[in-house]
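# A closer look at the structure
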Amino acid sequence: MHKLASVHAALWVAALALSPLWSARARAEIKTQQIEYKQGDTPLQGFVAWDDAISGKRPGVLIVHEWWGHNQHARNQAIRLAQAGYVGFALDMYGKGKLATHPNDAKTFMTEATSDFPREKARFDVALAKLKALPEVDPKKIAAIGYCFGGAVVLDMLRTGESFALVATFHGALATKQTIKPGNKTRVLVLHGAADPMINAEQVAAFKKEMDAAHVRYQVIEYPGAKHGFTNPDADKAGVAGLAYDAKADEASFAALLNALKEQVGAPAAAKPKKS
């Protein structure tokens, strides 16, 4: 019985190895690079990830970090996107080396970054330009995503008139001092924890009202029981009430992002590997 099972398992693995999906994964070669750049006199540190086994240009995704700053969580999202066939660029909104581990420091950094909106937008735009200039990226197929504080940033860029193939937020702040102008064709995806005490039902309702008034194509997906920071495995370590990692919500929300990307910018570029 055990021998028969072993034979069946071996045949299954052999068959899978011959499948296009397995072959594409086997050829995948994720490359990462730290990118030093500046906004004005402020040094910034970005992180890009891509699959080097893919030939040609592919869609790029700009990633805005949580209020903690440009940390490993943001970089991990770039890697996940690269594994899916896209180019992920995790930008830096605070300045090289500004990384918080305590909520008070995070609040200070976030307040500094958002106190001057022209500067905030300039930091976003310089990273966007870096992403578009990468040789692997199709500059006509760009998405912007944000986590927590980063969600507010990408929505603010949208509200000022910037357009993307897709904007997505994960447990992102939704409140705003300005509203989006009618006519923006960007698709908006909000991935929200239903048990998030920091972005409450009133804020979600106000956001929906704003999008409806501007006739924006948007979708809000709520994950039951998920709290703020549900995509970050280290959320529980912060010691902040209302923050918690939720593996199911993390996986489901990332799958929702990939589905939206596929609809807006096409199938992942992994379908076109390099010729050996």
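All residue numbers here refer to positions counted from 1 along the written sequence of the relevant chain. Per-residue local features of the predicted model are confined to residues with pLDDT of at least 70, and side-chain atom pairs are confined, for both listing and counting, to 80 or more; whole-chain, interface and lining totals are unaffected and use all residues. Hydrogens are left out, water is left out, and the side-chain values use all remaining heavy atoms of the structure.

### What to know about the overall build of the protein
- When helices and strands are tallied, the protein shows 8 helices and 8 strands.
- With a 1.4 Å probe rolled over the protein chains alone, any residue whose accessible area is under 20% of its type maximum counts as buried; one over 50% counts as exposed, and the rest are partly exposed. A buried classification covers 48% of the 276 residues belonging to the protein.
- Note on contacts: a residue pair is in contact if any heavy atoms of the two residues lie within 4.5 Å. Pairs at least 24 residues apart make up 67% of the contacts formed inside the protein by residues separated by at least 6 positions.
- Carbon and sulfur atoms make up 56% of the accessible area of the protein, which totals about 13500 Å². Numbering of helices and strands runs from the N terminus, with a helix taken as a DSSP run of H or I at least four residues long and a strand as a DSSP run of E at least two residues long. Each accessible area is a Shrake-Rupley estimate made with a 1.4 Å probe; only the visible protein chains count as cover when residues are assessed.

### Remarks on the packing of helix H5 (residues 117-133) against helix H6 (residues 149-159)
- Axis lines are fitted through C-alpha atoms, for helices just across the contact stretch, and the angle between N-to-C directions can take any value from 0 to 180 degrees. One way to put it is that H5 packs onto H6 with a least axis distance of 11 Å and a crossing angle of 100 degrees. By the criterion of interaxial angle, the relationship of H5 to H6 is roughly perpendicular. Contact with H5, carried on its side by Phe 117, Glu 120, Lys 121 and Phe 124, involves Val 153, Val 154, Asp 156 and Met 157 of H6 and no other residues of that element. By the definition adopted for this analysis, an angle is roughly parallel if under 35 degrees, roughly antiparallel if over 145, roughly perpendicular if from 65 to 115, and oblique otherwise.

### Digging into the layout of surface pockets
- Estimates place the volume of the largest pocket at around 680 Å³.
- Those elements that provide at least two residues to the lining of the largest pocket are helix H4 (103-114), H5 and H6.
- Per element, the largest residue contribution to the lining of the largest pocket is 4 residues, and it comes from H6.
- Residue polarity follows a fixed list, in which Ala, Val, Leu, Ile, Met, Phe, Trp, Tyr, Cys and Pro are nonpolar, Asp, Glu, Lys and Arg are charged, and the others, Gly among them, are polar. Here the lining of the largest pocket is composed, by residue class, of 15 nonpolar, 8 polar and 4 charged.
- Space inside and on the surface of the protein is sampled on a 1 Å grid over the protein atoms alone, with a cavity defined as a set of points where a 1.4 Å probe fits but cannot get out and a pocket as an open set with protein on both sides within 12 Å along at least 5 of 7 lines; lining residues have an atom within 4 Å of a point. Grid points are joined across faces, edges and corners, and a volume is the space filled by probe spheres set on the points. Computed from the structure, the second largest pocket encloses a volume of approximately 250 Å³.
- Every residue lining the second largest pocket is counted, 14 residues in all, and those nearest its centre are Trp 68, Asn 71, Ala 100, Asn 232 and Asp 234.
- Counted by class, the lining of the second largest pocket contains 6 nonpolar, 6 polar and 2 charged residues.

### Let's talk about H5
- What a helix is expected to span follows from its residue count: subtract one and scale by 1.5 Å. Spanning 17 residues, H5 covers 24 Å between terminal C-alpha atoms, matching the ideal 24 Å at 1.5 Å per step.
- Regarding H5, the residues found buried are Glu 120, Arg 123, Phe 124, Ala 127, Leu 128 and Leu 131. Considered in projection along H5, the buried side chains sweep an arc of 130 degrees and stay on one side of the axis. Facing away from the buried side of H5 by more than 90 degrees, the exposed set consists of Pro 118 and Ala 133. Arc, as used here, means the arc of the directions from the helix axis to the C-beta atoms.

### Some details on the nonpolar core
- Nine residue types can take part in a nonpolar core, namely buried Ala, Val, Leu, Ile, Met, Phe, Trp, Tyr and Cys, and a core is a set of them joined through side-chain atoms within 4.5 Å. Phe 89, Leu 91, Phe 124 and Phe 149 are the most contacted members of the largest nonpolar core, which has 48 residues in total.
- For this core, the element with the highest residue contribution is H6, accounting for 6 residues.
- What Phe 124 contacts, discounting residues up to four positions off in sequence, is Leu 62, Val 64, Leu 91, Met 93, Ala 144, Val 153, Val 154, Met 157, Glu 162 and Phe 164.
- Listed in part, the 30 residues of the second largest apolar core include Val 61, Leu 81, Ala 82 and Phe 170.

### Points about the sheet that holds strand E1 (residues 30-39)
- For two strands to be treated as a pair, DSSP must find at least two bridges joining them. The 8 strands lie next to each other as E1-E2-E4-E3-E5-E6-E7-E8, forming an open sheet whose pairing is mixed. The open sheet has two free edges, formed respectively by E1 and strand E8 (218-223), since each of these has just one partner strand. Each strand of the sheet is rotated relative to its neighbour by a mean of 20 degrees, with strand direction disregarded.
- Relative to E8, strand E7 (residues 187-193) runs parallel, the two sharing 6 bridges.

### Examining the confidence of the model for the protein
- Values of pLDDT, the confidence the predictor places in each residue, fall between 0 and 100. Averaged over all residues, the pLDDT of the protein equals 88, while 87% of them reach at least 70.
- Note that pLDDT drops below 50 for residues 1-26; the model gives that stretch 5 contacts with residues more than four away or on any other chain.

### Looking at the pairing of strand E5 (residues 137-147)
- Most of E5 is tucked away, with 8 of its 11 residues classed as buried.
- With 6 bridges joining them, strand E3 (residues 58-64) and E5 adopt parallel strand pairing. When the sheet's bridge partners are listed, Val 61 is paired in E5 with Ala 143.
- Summarising the sheet, E5 and strand E6 (residues 166-170) pair through 5 bridges and their orientation is parallel. Looking at E6, one finds that Gly 146 is bridged to Thr 169.
- At this point the chain moves from E5, through H6, to the parallel E6, and the crossover so formed is right-handed. A clockwise path from the first strand over the helix to the second, with the strands pointing away from the viewer, defines a right-handed crossover.

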